[in-house]
Amino acid sequence: MGRKMRVIYYLFEVQNQPISAYAKEIEGRLKHFIRLVNPDGYSLFENAKSILKTSNVVYVLELRDDVSRWFYLAPSLEGVERPKVAYEYEAGKEKGLEAVLWEIAEGKAHRTWSMNKISGILQAILWGGFLILSYIGYKNEQAGIISNLLPLVFLLSGAIEGFRRGYKKKKKR
């Protein structure tokens, strides 16, 4: 799977009606789909791989109520309205795709603090600190050795990037 794969995740919170009634409505709008009830990450991953054999995009719809979670995997969504919570993931490798689907299966897809935000903040602090220290070194000759630390900053920034999980995530709404 050496190509860019996209996972578009929709979360529907079902209230005031049985989840099966809402599911019947969704199934009437989808042409081709795979339904999974309360799956684990492995089941979600394997079924998504089967859709990604013919398409670069897999849509993951989660219907959630207080009791259960139903997932629909489909290569396209025509006629299904967008929910309030939607995310788009882009993975370049199978490991990244697996991490995305495990995150979705565990219910962690809509957390506010993701690894991408944390590593972005760390890199901003690293580069901001380096720029401030470089300015101080410019004004003070004895602190001029700070400019020699640029390779170390590049190395640390690369290490922080290495901690990312192999995919990009962005909120659709």
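This write-up is about the structure you can find in this document. (Residues numbered from 1 in each chain as written. Predicted model: local features only at pLDDT ≥ 70, side-chain atom pairs only at ≥ 80, totals over all residues. Heavy atoms only, no water.)

1. Focus: the environment of Val37
Consideration 1: Take Val37: it is sitting in strand β2 (residues 34–37).
Consideration 2: Classification of Val37 as partly exposed rests on a relative accessible area of 46%.
Consideration 3: For the pair Val37 and Trp70, spaced 33 residues apart in the sequence, the C-alpha separation amounts to 4.5 Å.
Consideration 4: Not counting chain neighbours up to four residues away, the residues in contact with Val37 comprise Arg69 and Trp70. (Helix = DSSP H or I, 4+ residues; strand = E, 2+ residues; numbered from the N terminus. Buried < 20%, exposed > 50% of the residue type's maximum accessible area, 1.4 Å probe, protein only. Contact = heavy atoms within 4.5 Å.)

2. Looking at the side chain of Glu88
Consideration 1: Checked against the element boundaries, Glu88 lands in strand β5 (residues 85–91).
Consideration 2: One polar contact links Glu88 to Arg6, side chain to side chain, over a distance of 3.0 Å. (Polar contact = N/O pair within 3.5 Å; in protein donor to acceptor, adjacent residues only side chain to side chain.)

3. Observations regarding the pattern of salt bridges
Consideration 1: In this structure the tally under the stated criterion is ten salt bridges.
Consideration 2: Salt-bridge contacts for Glu81 lead to Arg29; the nearest nitrogen and oxygen are separated by 2.5 Å. Linking Glu81 in the loop between β4 (69–74) and β5 with Arg29 in helix α1 (residues 19–29), this pair joins segments that are 52 residues apart in sequence.
Consideration 3: Under the relative-accessibility criterion, Arg29 is labelled partly exposed at 32%.
Consideration 4: When the shortest N-O distance is used, the salt bridge between Glu78 and Lys31 registers 3.6 Å. Residue Glu78 is found in the loop between β4 and β5, and its partner Lys31 is found in the loop between α1 and β2; the two are separated by 47 residues along the sequence.
Consideration 5: With a relative accessible area of 67%, Lys31 lands in the exposed category.
Consideration 6: Within this structure, Glu13, Glu62, Arg64 and Arg69 form a network of salt bridges that share partners. (Salt bridge = Lys/Arg side-chain N within 4 Å of Asp/Glu carboxyl O.)

4. Examining the packing of aromatic side chains
Consideration 1: A complete count under the given rule lists four aromatic pairs for this structure.
Consideration 2: On the basis of an interplanar angle of 55° and a centroid distance of 6.4 Å, the ring pair of Tyr10 and Tyr59 is categorised as tilted. Of this pair, Tyr10 sits in strand β1 (residues 5–13) while Tyr59 sits in strand β3 (residues 57–64), placing them 49 residues apart in sequence. The same class applies to Tyr10 and to Tyr59, which are both buried.
Consideration 3: Measuring from ring centre to ring centre gives 5.9 Å for Phe12 and Tyr22, while their planes differ by 50°; the resulting arrangement is tilted. (Phe/Tyr/Trp six-rings, centres within 6.5 Å; stacked < 30°, edge-to-face > 60°.)

5. Some words on the environment of Ser55
Consideration 1: Residue placement: Ser55 occurs in the loop between α2 (41–52) and β3.
Consideration 2: For Ser55, a relative accessible area of 18% gives the class buried.
Consideration 3: Along the chain, Ser55 and Ser76 lie 21 residues apart, while their C-alpha atoms are 9.2 Å from each other.
Consideration 4: In contact with Ser55, other than residues within four places in its own chain, are Arg3 and Pro75.
Consideration 5: One polar contact links the side chain of Ser55 to the main-chain carbonyl oxygen of Val57, over a distance of 3.0 Å.

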